[in-house]
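Structural description and commentary
What follows is the residue order along each chain.
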Amino acid sequence: MFYYIVLIKSLTQSNTDIMEYKVVPFVASIDPRTGTSDQVAEQLENLINQGASGGWNYVRLESVTTYVHAENGCFNNKPGYTTARQMVVFSRP
């Protein structure tokens, strides 16, 4: 899943550039016993290269804080909580 964000940036009154942004969730997956930071870096590198092959320029890795609402049910009540998600930001003109 990914999201597109289009930003119109006005340089002058007679000239506008349109930048398009794509935001892709990034969650590395490693074995808890044998996983290394190199494996995480490789997964991120693959995602960046995949975006670049589609004409996207890597901008940054962004942490987005999200509040997950509480769930109230007959047998299972879960309190709300805050979590952080990592998002890879790409852009292209």
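Residues numbered from 1 in each chain as written. Predicted model: local features only at pLDDT ≥ 70, side-chain atom pairs only at ≥ 80, totals over all residues. Heavy atoms only, no water.

1. Notes on the pattern of salt bridges
Under the defined criterion, the tally for this structure stands at two salt bridges. Across the salt bridge formed by E20 and R92, the nearest N and O atoms sit 3.2 Å from each other. Highlighted residues: E20 in strand 2 (residues 16–26) and R92 in strand 4 (residues 81–92), separated in sequence by 72 residues. Residue E62 pairs with R60 through a salt bridge whose shortest N-O separation is 2.8 Å. (Salt bridge = Lys/Arg side-chain N within 4 Å of Asp/Glu carboxyl O. Helix = DSSP H or I, 4+ residues; strand = E, 2+ residues; numbered from the N terminus.)

2. Thoughts on helix 1 (residues 37–53)
Relative to the 24 Å expected for 17 residues at 1.5 Å per residue, helix 1 spans 24 Å between its end C-alpha atoms, a close match to the ideal helical length. L44, L47 and G51 are the residues of helix 1 that are buried. Across the axial projection of helix 1, the buried residues extend over an arc of 55°, all falling on one side. Counted as exposed and oriented over 90 degrees from the buried face of helix 1: D38, Q50 and S53. Backbone geometry just downstream of helix 1 places G55 in the positive-phi region, at approximately 90°. (Expected span 1.5 Å × (residues − 1). Buried < 20%, exposed > 50% of the residue type's maximum accessible area, 1.4 Å probe, protein only. Arc of directions from axis to C-beta.)

3. Describing the packing of aromatic side chains
Considering all chains together, one arrives at one aromatic pair under this definition. Measuring from centroid to centroid gives 6.4 Å for Y58 and F90, while their planes differ by 75°, and the two rings are edge-to-face. Of this pair, Y58 sits in strand 3 (residues 57–68) while F90 sits in strand 4, and the two are 32 residues apart along the sequence. Relative accessible area serves as the criterion here: at 37%, Y58 is assigned to the partly exposed category. On the basis of relative accessible area, F90 is assigned to the buried category, the value being 1%. (Phe/Tyr/Trp six-rings, centres within 6.5 Å; stacked < 30°, edge-to-face > 60°.)

4. Quick notes on the nonpolar core
Counting residues in hydrophobic clusters, the biggest one holds seven residues: V24, F26, L44, L47, W56, V88 and F90. Broken down by secondary-structure element, the contributors of at least two residues to this core are strand 2, helix 1 and strand 4. (Core = buried A, V, L, I, M, F, W, Y, C linked by side-chain atoms within 4.5 Å.)

5. Quick look at the confidence of the model for the protein
With 83% of its residues at a pLDDT of 70 or more, the protein shows a mean pLDDT of 86. This stretch, residues 8–14, has a pLDDT under 50; its non-local contacts, to residues over four places away or in other chains, come to eight contacts. (pLDDT = per-residue confidence, 0-100. Contact = heavy atoms within 4.5 Å.)

6. Examining the side chain of S91
Among the structural elements, S91 can be located in strand 4. Overall, S91 belongs to the buried group, its relative accessible area being 8%. Setting aside residues no more than four positions away along its own chain, S91 makes contact with M19, E20, Y21, W56, N57 and V59.

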